[in-house]
Amino acid sequence: MSSPPPPAVTADPEPTHGVWSRAFQLAIPHGIVVGIQLPTEPGPIPHEVSQRLHPKERAAGLELSGARQIQWTGGRLALQLALKRLRSRRQPFLSQPSGAVQAPQGLFASVSHKRDLAVGLVGQETAGSLGVDVETVIPERNHLAPRILTPGELQRWQALPEDRRWPVLLTHFSIKESIYKALHPMVDRYVGFHEAELDLGPNGSAQVTLHLTQGEGPFEVQARYLWLDQHLLTTARIRKVQPPPSR
Ligand SMILES: CC(C)(COP(=O)(O)OP(=O)(O)OC[C@H]1O[C@@H](n2cnc3c(N)ncnc32)[C@H](O)[C@@H]1OP(=O)(O)O)[C@@H](O)C(=O)NCCC(=O)NCCS
């Protein structure tokens with residue numbers, strides 16, 4: 001929490017327009033992340049959109065309905081575009097029983113969606129387990145602070161000027177959700193918000209210390225945040241590290 005989140009930036013090098021189109025595509029240290037604009041009104045998935053999915057994804061999407069079908073489809077479109085940057089062959093991203101994305105062999109992938117935007121992150125499995133999260137910047141919900149922040153984070157947060165509190169709280173929330181998505185496949189249990197402690201740095205970086213109640217690890221965690229026009233995008237990458245040999 002040593003310095004404020006940077007101002008909003010435009011992340012899209014070649015913006016496109018309209019629902020079901022790409023809102024942005026970024027190469028970040030954790031992999032390739034793509035955003036897809038979603039329709040905010042309910043309706044069937046257009047045929048030309050579902051054709052962009054892998055047939056197995058299309059079949060899985062047909063099992064869903066309403067907003068869930070729209071968000072799931074948007075997430076898979078984002079993953080397919082990210083995959084295109086890494087591999088030429090189209091492969092399916094299905095769901096594991098836990099809910100996590102089942103990525104093709106050798107890759108790791110994560111998804112997040114809001115009403116108007118779906119994001120997908122894909123990276124090489126060798127680089128670590130990945131998590132992505134997207135949040136809408138409004139409305140402010142500062143009353144959630146004690147649930148999201150550890151006692152140490154809460155103390156530092158309460159000392160901030162009023163207008164900094166919501167962006168800093170939202171960044172903590174989103175990074176912790178990204179950490180959860182990367183960590184859950186490695187520890188296979190619910191991880192609480194107080195099991196990770198953050199210190200936000202400048203330029204979208206964040207120091208992360210895990211306090212895992214079940215003592216798993218040790219893990220190396222990298223986390224980043226980026227302010228887009230209407231959204232906050234965060235990512236996490238987690239690798240298991242070898243503990244130092246005991247003497
Ligand atoms: C699982 C959770 C992180 C999902 O976040 P959300 O805000 O509800 O929804 P999002 O749109 O951001 O993400 C949904 C995606 O999460 C992914 N997901 C769901 N369960 C998952 C799991 N166990 N592990 C990894 N990813 C998972 C899926 O890909 C899902 O999208 P899809 O079904 O279309 O593929 C959230 O519901 C949750 O349980 N959070 C509390 C735990 C937590 O964050 N602790 C902090 C630890 S430091």
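Residues numbered from 1 in each chain as written. Predicted model: local features only at pLDDT ≥ 70, side-chain atom pairs only at ≥ 80, totals over all residues. Heavy atoms only, no water.

On to the site of the ligand. Around the ligand sit 21 residues in total, of which Arg68, Arg76, Ser112, His113 and Lys181 are the nearest. Within the backbone of serine 98, an N or O atom sits 3.4 Å from a nitrogen atom of the ligand. Contacts to the ligand include aspartate 133, whose side-chain N or O atom sits 3.2 Å from an oxygen atom. In isolation the ligand exposes 930 Å². Once the protein is present, 82% of that is buried. For the shell around the ligand, the per-class residue count stands at nine nonpolar, six polar and six charged. Two domains each provide a minimum of three residues to the shell around the ligand, namely domain 1 (22-132) and domain 2 (139-240). (Near = heavy atom within 4 Å. Polar contact = N/O pair within 3.5 Å; in protein donor to acceptor, adjacent residues only side chain to side chain. Areas by Shrake-Rupley, 256 points an atom, 1.4 Å probe, with all protein chains shown as cover. Nonpolar A, V, L, I, M, F, W, Y, C, P; charged D, E, K, R; others polar. Domains from an automatic or database assignment.)

Our next topic: the sheet that holds strand 8 (residues 196-200). Strand order in the open sheet formed by five strands is 7-11-10-9-8, with antiparallel pairing between adjacent strands. Looking at strand neighbours, the two that pair on one side only are strand 7 (129-136) and strand 8, the edges of this open sheet. Averaged over all pairs of adjacent strands, the angle between their axes in this sheet comes to 20°, without regard to strand direction. Relative to strand 10 (residues 219-227), strand 9 (residues 205-210) runs antiparallel, the two being bridged by two bridges. For serine 205, the partnering residue across the bridge sits in strand 10 and is arginine 224. Against the sheet, helix 6 (residues 162-187) contacts strand 7, strand 8, strand 9, strand 10 and strand 11 (231-240), and its axis sits at roughly 150° relative to strand 7. (Pairing = 2+ DSSP bridges. Helix = DSSP H or I, 4+ residues; strand = E, 2+ residues; numbered from the N terminus. Axes fitted to C-alpha atoms, helices over the stretch in contact; angles between N-to-C directions. Contact = heavy atoms within 4.5 Å.)

The next thing to look at is the pairing of strand 11. Residues in a regular strand project their side chains so that they alternate between the two faces of the sheet. Among the ten residues in strand 11, eight count as buried, and that is most of the element. As paired strands, strand 7 and strand 11 are joined by eight bridges and run antiparallel to one another. Within strand 11, the residue paired with valine 134 across the bridge is leucine 233. Hairpin connection between strand 10 and strand 11: a loop of three residues separates the two successive antiparallel strands. (Buried < 20%, exposed > 50% of the residue type's maximum accessible area, 1.4 Å probe, protein only.)

What follows covers the pattern of salt bridges. Taken as a whole, this structure holds nine salt bridges when the rule is applied. Here glutamate 48 and arginine 52 are joined by a salt bridge, their closest N and O atoms 3.5 Å apart. Using a relative accessible area of 48% as the deciding quantity, one classes glutamate 48 as partly exposed. The closest approach of N and O atoms between glutamate 220 and arginine 239, which form a salt bridge, is 3.1 Å. (Salt bridge = Lys/Arg side-chain N within 4 Å of Asp/Glu carboxyl O.)

With that settled, the discussion passes to the sheet that holds strand 1 (residues 22-28). If you walk across this open sheet you meet the four strands as 1-2-6-5, and the pairing is antiparallel. Each edge of the open sheet is held by one strand with a lone partner, namely strand 1 and strand 5 (107-113). The mean angle between the axes of side-by-side strands here comes to 15°, regardless of whether they run parallel or antiparallel. Pairing analysis gives six bridges linking strand 2 (residues 31-37) to strand 6 (residues 117-124), with the strands arranged antiparallel. When the sheet's bridge partners are listed, glutamine 37 is paired in strand 6 with leucine 117. Here helix 3 (residues 66-86) sits on the sheet and contacts strand 1, strand 2, strand 5 and strand 6; the angle it forms with strand 6, its principal contact strand, is near 35°.

Moving on: the domain arrangement of the protein chain. Examined at the domain level, the protein chain breaks down into domain 1 (22-132) and domain 2 (139-240). Each of domain 1 and domain 2 was reduced to a C-alpha centroid, and the two centroids are 23 Å apart. Contacts between the two partners involve 23 residues from domain 1, matched on the other side by 19 residues from domain 2. Taken together, both faces of the contact between domain 1 and domain 2 bury some 1500 Å²; the carbon and sulfur share is 63%. At the junction of domain 1 and domain 2, the tally comes to zero salt bridges. The tally of links between domain 1 and domain 2 comes to seven residue pairs in polar contact (both at pLDDT 80 or more). The set of elements that each furnish at least two residues to the side of domain 1 that touches domain 2 consists of strand 1, strand 5, strand 6 and strand 7. (Buried area = accessible area lost by both parts, 1.4 Å probe.)

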